[in-house]
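Each chain, written out:
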Amino acid sequence: VVDIRSFYKDSGMFTYDPGYTSTASCNSKITFIDGENSELRYRGIPIDELAGKRSYLDVCHLLMMGRLPNEEESKNFDLEIRHRSFLNEGIIRLFDALPDGAHPMATMGAATMALAAFYKDHLHLEDEEQFKTMRRRILAKMPTIAAMAYRNSIGTPLIYPDINRYFTENFLYMLRAYPGGKMKYLGDGLNDQIKQVEVDALDAILTLHADHEQNASTTTVRNVGSTEAHPYVAIASGISALWGSAHGGANERVMEQLKLIGDVKNVPTYIAKAKDKNDPFRLMGFGHRVYKNRDPRAQELKKLQDKLREELHLDSHLLDIAAAVEEAALSDDYFVSRGLYPNIDFYSGVILTALKIPIEMFTPIFVIGRIPGWISQWSELKQDPTAKIARPRQLYTGK
Ligand code: ACO
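These numbers come from a predicted model, not from an experiment. (Residues numbered from 1 in each chain as written. Predicted model: local features only at pLDDT ≥ 70, side-chain atom pairs only at ≥ 80, totals over all residues.)

### Quick word on the overall build of the protein
From N to C terminus, the protein includes 16 helices and 3 strands. Relative to the globule expectation of 21 Å for 399 residues, the C-alpha radius of gyration of the protein, 22 Å, shows essentially globular dimensions. Burial status across the protein gives 42% buried among its 399 residues. Looking at the protein alone, contacts between residues at least 24 apart form 75% of all its contacts between residues at least 6 apart. (Helix = DSSP H or I, 4+ residues; strand = E, 2+ residues; numbered from the N terminus. Rg over C-alpha atoms; globule rule 2.2 N^0.38 Å. Buried ≥ 20, exposed ≤ 12 C-beta atoms within 10 Å, placed from the backbone. Contact = placed C-beta atoms within 7 Å.)

Dropping the structure here:
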């Protein structure tokens, strides 16, 4: 904390806080994190009571509406989301303009930004019903945008949503189906129906990503929202922030890194590289700004991984490398003294691979999961009478 009143006489106390490590930017009632005690709660409910125990859409209802739905509300919410999952043909034509091989995150950002052109009314949300529709619409459409972004990137015809399927199953269907409707995994030519165990696993993964208070992408959504920009523009900005490898992009990098390590015997070499201050190499999936102890989301995913090991035929070679990396890091003073534990991104990859999710879809899945968080945080900002435009100050060091 630097008191620079002498430089800026009219301004009172300034804090200089690069990366905002110690600055609260808002009041919030949505998500609670206790980084010391590895605790994470959505609207007061610990995540281990939600992940795998309530459907992801129920958790979205919890975050967005402030409470878990009853049975009838849950059914109606699910039905509404199914019906809102279609995209305007204009958005679909936009995909054509993007090249083969485009990263799905780039396409998703562009398509989400374009939604603001199709739903101009969502800039004026005085009407409670409109406000509700705006939030549900973006939640419902994101899996369609993500699946189409992927199919477009590999030059495969796009698949429209099937309203007979639950949210998560529908996403897997849109990703895997052939245009004729026959299920086929796009990568290796296996005939493959969607199994309930796969839907449940992905549902739990989405729940664990649903909100995480003022992380970099959520802060971006709030900052853009504070300028009175369209809510979908704020969400598109969140997608941009999430893509970076220090944030949501880390899940893709973890998988690349495990493959690069290639064998348990190479783990010590990479641990040494991560510790070497002259080497920019970082162990992806390790460390967190708030958790200096275990990341509770990672612990839940580890449990899921152990449970699914046999059932989903998880890649035991990758699991062995991951286990060796974890063991080596957690017995090394460099990692222990800095509180560097595996984070959520360390464990999601092996499960997503077993669900036959292509690696470039790992971060898009994070986006799908984070929508209820972003939109709830945006809504909270809009309802906060003390909210102001986000406009930090600087310490000028130039001429
Ligand atoms: N590998 C090696 N060293 C690391 C790592 C790592 N993964 N993470 C942090 N460190 C070291 C830093 O070099 C620094 O060491 P020093 O004290 O000797 O200078 C110390 O640990 C503190 O690191 P910071 O970068 O200052 O911590 P910060 O809180 O700013 O960063 C972050 C957190 C970005 C997550 C960082 O740990 C990281 O880059 N991890 C790898 C990427 C990753 O997994 N990101 C996903 C985060 S979870 C999420 O967004 C969903």
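### Structural notes on the sheet that holds strand E2 (residues 39–42)
Taken in spatial order, the 3 strands line up as E1-E2-E3 in an open sheet, and their pairing is antiparallel. The open sheet terminates on both sides in strands that have one partner only, identified here as strand E1 (31–34) and strand E3 (45–46). (Pairing = 2+ DSSP bridges.)

### What about the site of the ligand?
What surrounds the ligand is a group of 19 residues, the closest being Ala-250, Arg-282, Phe-286, Gly-287 and Arg-289. Partitioning the shell around the ligand into residue classes produces 8 nonpolar, 7 polar and 4 charged. (Near = placed C-beta within 6 Å. Nonpolar A, V, L, I, M, F, W, Y, C, P; charged D, E, K, R; others polar.)

### Concerning the nonpolar core
Most often, soluble globular proteins keep nonpolar side chains buried together rather than apart. Ranked by size, the top nonpolar core spans 101 residues in total, and within it Ala-146, Ala-201, Ile-235 and Ile-351 carry the most contacts. If we skip the residues at most four places from it in the chain, Ala-146 touches Pro-104, Met-108, Pro-364, Val-367 and Ile-368. (Core = buried A, V, L, I, M, F, W, Y, C linked by C-beta atoms within 7 Å.)

### Some thoughts on the environment of Gly-287
Position of Gly-287 among the secondary structure elements: in the loop between helix H11 (267–275) and helix H12 (296–311). Here the alpha-carbon distance between Gly-287 and Pro-342, two residues 55 residues apart in the chain, equals 6.4 Å. Filtering out sequence-adjacent residues up to four positions away, Gly-287 remains in contact with Leu-340 and Asn-343.

### Some details on the packing of helix H9 (residues 231–243) against helix H16 (residues 362–382)
Across the interface, H9 lies against H16 with an axial gap of 10 Å and an inter-helix angle of 135 degrees. What the angle tells us is that H9 and H16 run oblique. Crossing handedness for the pair H9 and H16: right-handed. Contacts between H9 and H16 involve Pro-231, Ala-234, Ile-235, Gly-238, Ile-239, Leu-242 and Trp-243 on the former and, on the latter, Thr-363, Phe-366, Val-367, Arg-370, Trp-374, Ile-375 and Trp-378. For the contact of H9 with H16, the per-class residue count stands at 11 nonpolar, 2 polar and 1 charged. (Axes fitted to C-alpha atoms, helices over the stretch in contact; angles between N-to-C directions. Parallel < 35°, antiparallel > 145°, perpendicular 65-115°, else oblique. Left-handed = near helix turned anticlockwise from the far one by under 90°.)

### A few points about the pairing of E1
Every second residue of E1 is oriented toward a common face, the buried set being Thr-31 and Ile-33 and the non-buried set Phe-32 and Asp-34. Bridge analysis of E1 against E2 gives 4 bridges, and the strand direction is antiparallel. Note on E2: the bridge partner recorded for Ile-33 is Leu-40. Taking the residues that link successive antiparallel strands as the turn, the E1-E2 hairpin has 4 residues, and the phi of Ser-38 there is positive, at about 55 degrees.

### Some details on the UniProt feature "active site" (unreviewed entry) in the protein
UniProt annotation of "active site" (unreviewed entry) refers to His-288 and Asp-345 when read in the numbering used here. Spanning 58 residues, the annotated positions come together in the fold, the maximum distance between their C-alpha atoms being 10.6 Å. As for its placement among the helices and strands, His-288 is situated in the loop between H11 and H12. Not counting residues up to four positions away in its chain, the partners in contact with His-288 are Asp-295 and Asn-343. Tracing the chain through its elements places Asp-345 in helix H15 (residues 344–354). Accessibility expressed as a C-beta count within 10 Å gives 29 for Asp-345, which makes it buried. When residues no more than four places from it in sequence are discounted, the contact partners of Asp-345 are Ala-250, Asn-251, Val-254 and Gly-285. (UniProt positions renumbered as here; feature names shortened; annotations may be inferred.)

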